[in-house]
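Given next are the chains, with one letter for each unit.
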Amino acid sequence: TGASNTAAIVSTAGSNAPAAKACSDYVYGGKSDWFLPSKDELNLMYELKTEIGGFDYKNTTTYWSSSEYGAYTAWRKGFLGTAWGNGSKDYPWSVRAIRAF
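Before going into details, it helps to say that this report is about the structure given with it. Everything numeric in this text was worked out from a predicted model, so none of it was measured.

Thresholds applied
Residues numbered from 1 in each chain as written. Predicted model: local features only at pLDDT ≥ 70, side-chain atom pairs only at ≥ 80, totals over all residues. Heavy atoms only, no water. Axes fitted to C-alpha atoms, helices over the stretch in contact; angles between N-to-C directions. Helix = DSSP H or I, 4+ residues; strand = E, 2+ residues; numbered from the N terminus. Parallel < 35°, antiparallel > 145°, perpendicular 65-115°, else oblique. Left-handed = near helix turned anticlockwise from the far one by under 90°. Contact = heavy atoms within 4.5 Å. Nonpolar A, V, L, I, M, F, W, Y, C, P; charged D, E, K, R; others polar. 1 Å grid on protein atoms, 1.4 Å probe; cavity = no way out; pocket = protein on both sides within 12 Å on 5 of 7 lines; lining within 4 Å. Points joined across faces, edges and corners; volume = space filled by probe spheres on them.

To continue, consider the packing of helix α1 (residues 2-13) against helix α2 (residues 18-25). The N-to-C vectors of α1 and α2 enclose an angle of 115°; their axes lie 9 Å apart at closest approach. The orientation of α1 relative to α2 falls into the category roughly perpendicular. In the crossing of α1 with α2, the sense of the turn from one axis to the other is left-handed. Touching Thr6, Ile9 and Val10 of α1 are Ala20, Lys21 and Ser24, all from α2. For the contact of α1 with α2, the per-class residue count stands at three nonpolar, two polar and one charged.

Here is the structure:
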């Protein structure tokens, strides 16, 4: 559901939602259909983090999801452990754009 979550976030919040906007605007490898992963998609990324690679373990270990926790909070996942949490949507956690394939 990350793609639909991202589209909804960007259409309602626009530039006030930098994590979703960054993923929505991302272009890499000639592909422009990137999005901010949902909580479930982010969890799958966590489970496959070794195979996927490229996660930032130096500056932060926490990544945003596009799944809302509350009006002003969203789910986030720590990648050095199994910790889930929620936080203010304006906190600068890391983002990792994904795409469906």
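We are not done yet, so read on.
Once that is clear, we can look at the layout of surface pockets. What the largest pocket holds in volume is close to 450 Å³. Surrounding the largest pocket, 23 residues form its lining, Ile9, Ala17, Ala20, Ala74 and Lys89 being those nearest its centre. For the lining of the largest pocket, the secondary-structure elements that each account for two or more residues are α1, α2 and β1 (62-70). Counted by class, the lining of the largest pocket contains 14 nonpolar, six polar and three charged residues. Approximately 330 Å³ is the volume attributed to the second largest pocket. The wall of the second largest pocket is formed by Trp34, Phe35, Glu41, Leu44, Met45, Leu48, Ile52, Arg96, Ala97, Ile98, Arg99 and Phe101. A per-element tally of the lining of the second largest pocket places helix α3 (residues 39-47) first, with three residues. Taken together, the residues of the lining of the second largest pocket break down into nine nonpolar, no polar and three charged.

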